[in-house]
Amino acid sequence: MLITGLLAGCGNSGGGNSSAEGNSSGTKSEKVTLTFWRNSGNDSENSAYDKLVASFNESHPDIKVEMSPIPYADYDTKLRTSIASGNPPDIMAIDAPNMASYAQAGALQPLTEYFKKDGNLEDIPESTIKTYTYKNEIYMAPLTESSIALFYNKKMFEAKGIPLPSKNPDEPITWDQVLEAAQKLNNPDGGVYGIDPAQGFGNAGGTAYFKYPIIWQFGGDIMSPDGTTSKGYLDKPETKKALQFFSDLYNKSKVSSLEYPPDPFPNNQLAMTIDGSWSLGNYAEKFPNFKLGVDYDIAPLPKETQQAVANGSWSLAVSAKSKNPEAAWQFVNYVTGAEGSKTYCSITKDIPARYSVAKQFPELNEYPKNIFVVQNQKYGRPRPITPIFPQMSEAVNKMIEEVTISGRNVDAAVADAITKIDKAYADLPQK
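Residues numbered from 1 in each chain as written. Predicted model: local features only at pLDDT ≥ 70, side-chain atom pairs only at ≥ 80, totals over all residues. Heavy atoms only, no water.

Caption draft 1: Just the overall build of the protein chain, in detail. A tally of helices and strands in the protein chain yields 18 helices and 15 strands. Rg of the C-alpha trace for the protein chain: 23 Å, near the compact-globule value of 22 Å for 431 residues, within the 12% margin. The principal-axis extent of the C-alpha atoms belonging to the protein chain is close to 75 × 50 × 35 Å. Evaluated residue by residue, the protein chain yields a buried proportion of 56% over its 431 residues. A sequence separation of at least 24 residues applies to 77% of the contacts in the protein chain between residues at least 6 apart. Accessible surface, the protein chain as shown: approximately 18000 Å² in total, 48% of it carbon and sulfur. Computed over 41 positive and 50 negative side-chain charges, the inter-centroid distance for the protein chain is 1 Å. (Helix = DSSP H or I, 4+ residues; strand = E, 2+ residues; numbered from the N terminus. Rg over C-alpha atoms; globule rule 2.2 N^0.38 Å. Buried < 20%, exposed > 50% of the residue type's maximum accessible area, 1.4 Å probe, protein only. Contact = heavy atoms within 4.5 Å. Areas by Shrake-Rupley, 256 points an atom, 1.4 Å probe, with all protein chains shown as cover. Lys, Arg positive; Asp, Glu negative; His and termini not counted. Charge placed at Lys NZ, Arg CZ, Asp CG, Glu CD.)

See the structure below:
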C-alpha cells in the first residue's frame, strides 16, 4: 500500500545518483560511476552478481558499477524511499509484479529503444517481454525465470493402479483427472491427503504465483489487459467456476487440507502437490531417500480448458533520473544478455529467460527441468500488469480465503473484491 504514495510525483526531474566527469560514452580521461541496488540473495546468487559486476568493470574501463546488496526484508522500502526522495540508484532490481507501480510513477527509464537496438528481443519469449511492458514501453530486462508443476507420489499412484501423468510439457492432465486421482489416494485417517493445489494459504504474493494459474486454466481472468479494472474479468463465469472448484477440493471432496504437517510431500503424507522448480534441489539435499523417478515424478501443471503458468521474476531496471542511462543500459544488457545470463545461470542453476541460453544447458532440455522451461516459454502469462498490484493481490487473496476457508458465497466474495480493486485504481494519483 505504501508504494503508490512513496512513488507518486517522483517523475523524471532532478539529478540522479550516479557521478560522472562527462557523458556516458566516456573518453580516456572520463569515468562514469553507476550505483546498482539489488535485493541480497542466497550464496549462489550473490556469487553470480559479484562475478558479473567484476567482469563488467574489468571489460569497461570507462564505467564503474558500484553494487549494493540490500537485505530482502528492507529492500523495497529502502528503494521506494530513495526514489521518493529524488536520490535513487542508477540501476535497480525490481520484482516483476511491482514494475507497473514504478513505471506509472515515472521512476523508470523506458528501455524499448535500447532493446530494439541491441537487446535481441527475438531471444526472449513474447509473454516474458509482456511481463515487463507497461503502456507499450518495456521497462525491465529479464534475467531468469522459475516455474511450478505437478509433483506426484509415483508409488501411491502405482499402488492404486492410477495411470501416471504424462511427462510431456504439452500434455497435462485436467483438473477433473487430478480430482479423480486425489479421491482415490485421499486417506486423512491414514495421514494422507490427495492434493495441495496451491501451496496452502499464505501471503498475497504466493497467492498470485500459485493460484492465479488455476483461474487462467479454467479460462478465467483477474484484471483487464490494461490493468485498470477487474469488472468483467474477475466476475467471469469461468473465474467463478475455478474458485468454486478450488473451494470444493477443501470443503466438498475434502481431498485438500487447510493445514499440513511440515514437508508433507517428501514424507509421504501428500499424494500430489503443486510446487516449484527450486524444490528439486531441496528434496535431493534434505530428503535423499525420497528419489525422483522412484518415489515421485513431475508432470506439467494441470489444465481445464487451457494451459497457463505465471511468469516474471526479479529483473533489472534503469532509473529515470540516471545521468548516464546509456552506460546503465550497457551494464543491464551485459548482465541479462546471452553471455551474462549464461554465466549467472551456470552458478545459480536458475532457468534463463532467453531461449538461446536455455538451449546451452543440457539438463534444461531433459526431464524433469524441461517441463518448467517449456511451460514458461509456451504457456507463461504475466500476473496482472497494474500499478495497484499490491492492493489488487491483497483483495484477490482475501477473496480466495473467504470462499475456501470461510465458505462465503462466490458471487458475494467476487463482488467485494472488484469493488476494492476498482476503488484502489480510482484512488491512484494520476500523472
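Read on, since the account is not over.
Caption draft 2: Summary view of the packing of helix 11 (residues 237-251) against helix 17 (residues 389-404). The geometry of helix 11 relative to helix 17 is characterised by a closest axis approach of 9 Å and an angle of 45° between their N-to-C directions. Judged by the inter-axis angle, helix 11 sits oblique to helix 17. Classified by chirality, the crossing of helix 17 by helix 11 is right-handed. Judged by residue contacts, L243, F246, S247, Y250 and N251 of helix 11 engage M399, I400, V403 and T404 from helix 17. (Axes fitted to C-alpha atoms, helices over the stretch in contact; angles between N-to-C directions. Parallel < 35°, antiparallel > 145°, perpendicular 65-115°, else oblique. Left-handed = near helix turned anticlockwise from the far one by under 90°.)

Caption draft 3: Region of interest: the pattern of salt bridges. Under the criterion given, the structure shown has 16 salt bridges. Taking the shortest distance from any N to any O, the salt bridge between D76 and R80 comes out at 3.6 Å. Highlighted residues: D76 and R80, both in helix 3 (residues 72-84), separated by four residues, approximately one helical turn. Look at D76 and you get partly exposed, because its relative accessible area is 22%. Take R80: its relative accessible area is 12%, and that puts it in the buried class. (Salt bridge = Lys/Arg side-chain N within 4 Å of Asp/Glu carboxyl O.)

Caption draft 4: Seen up close, the domain arrangement of the protein chain. Once the domains are mapped, the protein chain shows domain 1 (32-146 + 312-382) and domain 2 (148-310 + 387-427). Once you take the C-alpha centre of each, domain 1 and domain 2 turn out to be 28 Å apart. With 22 residues of domain 1 in contact, the opposing surface of domain 2 contributes 28 residues. In total, about 2100 Å² of surface goes out of reach between domain 1 and domain 2, with carbon and sulfur atoms giving 59% of it. Contact with domain 2 buries surface across domain 1, with Y367, F372 and R381 losing the most and accounting together for 32% of the total. Counting the contacts that link domain 1 with domain 2 gives two salt bridges. A salt bridge links D221 to R381, with the nearest nitrogen and oxygen atoms 3.2 Å apart. The interface formed by domain 1 and domain 2 contains twelve residue pairs in polar contact (both at pLDDT 80 or more). Of all the secondary structure elements, the ones that give two or more residues to the side of domain 1 that touches domain 2 are helix 4 (99-104), helix 16 (369-379) and strand 15 (380-381). (Domains from an automatic or database assignment. Buried area = accessible area lost by both parts, 1.4 Å probe. Polar contact = N/O pair within 3.5 Å; in protein donor to acceptor, adjacent residues only side chain to side chain.)

Caption draft 5: Examining the nonpolar core more closely. Counting 68 residues, the largest nonpolar core has L108 and F151 as its most contacted members. The dominant element in this core, judged by the number of residues it contributes, is helix 13 (residues 325-336), at six residues. Formed jointly, this core draws a minimum of three residues from each of two domains, domain 1 (32-146 + 312-382) and domain 2 (148-310 + 387-427). Counting 59 residues, the second-largest nonpolar core is a separate cluster that includes F157, L179, F245 and V309. (Core = buried A, V, L, I, M, F, W, Y, C linked by side-chain atoms within 4.5 Å.)

Caption draft 6: Broad picture of the pairing of strand 10 (residues 270-276). Here strand 10 lies mainly inside the structure; seven of its seven residues are buried. Pairing analysis gives five bridges linking strand 8 (residues 148-153) to strand 10, with the strands arranged antiparallel. Across the sheet, A149 pairs through a bridge with D275, a residue of strand 10. The pairing of strand 9 (residues 193-196) with strand 10 spans three bridges and is classified as parallel. Residue pairing for strand 10: Y193 is matched across the bridge by L270. (Pairing = 2+ DSSP bridges.)

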